[in-house]
Amino acid sequence: MTTEEMMKMCRTLAHKYNSPSHFDDLVSEGMLECLEQVDQGNTHGANLRRMANRAMHDYINIKTLAVSVPLSEPARSLARGTDYKSTMSREGVTKLQQAINSTSTPLESVDVVDEESDPAVAYEKKQTVLDTIRIARETLNDNDWGLFSRHYLEKETTDDIAISERVTRQAIEKKLKRCVNKVTKAMNI
């Protein structure tokens, strides 16, 4: 099998995974595996296809995980969703399954900012709240302001307000939404 034929085969296999953002990486993984197999003397087309497909499967289902998972038969089986009889403990298999199915983002790729410890951020938040309250008081009539302040400042639930006003919770929520829309419009948001 020529290099061009291997490349065509890898591109065809990569389309199977329906992942445009990983397409080039899948092709590279498959092509690398094909070239490694040829170096080892394995030149049969069906074997090259199977090994390239396996490399792509490992890449998309194991190597792109948020945590590092070793490429092993138990990991491959769990990634496929099949049962694997292993010497691993039940707890080990459960932990590996959790790692494979995780949708978490690796911590290295997240900018961690402790906003609570930054006085400038705390000050800005307080100023925003005070500005919002001032605009709400100026914009809303007395009845709407009373409702707005009971719910957002005094932290009274819509159910409690509805009971004391002898109306439905939905009516209170509708009035609150109208109040929020008035305040938002006044703030030009």
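It should be noted that the structure appears before, not after, this text.
Residues numbered from 1 in each chain as written. Predicted model: local features only at pLDDT ≥ 70, side-chain atom pairs only at ≥ 80, totals over all residues. Heavy atoms only, no water.

Novice: Can you walk me through the pattern of salt bridges in this structure?
Specialist: Two side chains with opposite charge may pair up if their charged atoms get near one another. Counted according to the given criterion, the structure contains seven salt bridges. Here Glu138 makes a salt bridge to Arg134, at a shortest N to O gap of 3.5 Å. Residue Glu138 and its partner Arg134 are both found in helix H6 (residues 119-139); the two are separated by four residues, about one turn of the helix. For Glu138, a relative accessible area of 59% translates into the label exposed. Using a relative accessible area of 43% as the deciding quantity, one classes Arg134 as partly exposed. Between Asp159 and Arg169 there is a salt bridge whose closest N-O contact spans 3.4 Å. Of this pair, Asp159 sits in helix H8 (residues 158-165) while Arg169 sits in helix H9 (residues 169-186), and the two are 10 residues apart along the sequence. Overall, the relative accessible area of 31% leaves Arg169 in the partly exposed class. (Salt bridge = Lys/Arg side-chain N within 4 Å of Asp/Glu carboxyl O. Helix = DSSP H or I, 4+ residues; strand = E, 2+ residues; numbered from the N terminus. Buried < 20%, exposed > 50% of the residue type's maximum accessible area, 1.4 Å probe, protein only.)

Novice: Help me understand helix H1 (residues 3-16), please; the structure alone is not making it clear to me.
Specialist: Each α-helix winds once per 3.6 residues, and so residues spaced three or four apart point in a common direction. Its 14 residues give H1 an end-to-end C-alpha distance of 20 Å, which sits within 8% of 20 Å, the value for a rise of 1.5 Å per residue. Along H1, the residues classified as buried are Met6, Met9, Cys10, Leu13 and Ala14. When H1 is viewed along its axis, its buried side chains cluster within an angular range of 135 degrees and face the same direction. Along H1, the residues that are exposed and aim more than 90 degrees away from the buried face are Glu4, Lys8 and His15. (Expected span 1.5 Å × (residues − 1). Arc of directions from axis to C-beta.)

Novice: What is the right way to read the environment of Cys10 from this model?
Specialist: Along the polypeptide, Cys10 turns up in helix H1. According to the relative accessible area criterion, Cys10 is buried, its value standing at 0%. Separated by 16 residues in the primary sequence, Cys10 and Leu26 have C-alpha atoms spaced 7.9 Å apart. Residues within four places of Cys10 in sequence aside, it is in contact with Val27, Gly30, Met31, Cys34, Ala52 and Met56. (Contact = heavy atoms within 4.5 Å.)

Novice: So what exactly am I meant to see when it comes to H8 here?
Specialist: Within the span of H8, buried status applies to Thr158, Ile161 and Ala162. Down the axis of H8, the smallest arc covering the buried residues is 100 degrees, so these residues share one side. The inward-facing, buried residues of H8 contact helix H7 (142-152) and H9. Just beyond H8, the residue with positive phi is Arg166, at close to 60 degrees.

Novice: Any chance you could explain the nonpolar core here in plain terms?
Specialist: Nonpolar side chains in soluble globular proteins tend to be buried together. Grouped together as the largest cluster of nonpolar side chains are 15 residues, with contacts concentrated most on Met9, Cys10, Ala14, Leu26, Cys34, Ala52 and Met56. Of all the secondary-structure elements, those providing two or more residues to this core are H1, helix H2 (23-39) and helix H3 (45-63). Among residues more than four places away in sequence, those in contact with Ala14 are Phe23, Leu26, Val27 and Met56. (Core = buried A, V, L, I, M, F, W, Y, C linked by side-chain atoms within 4.5 Å.)

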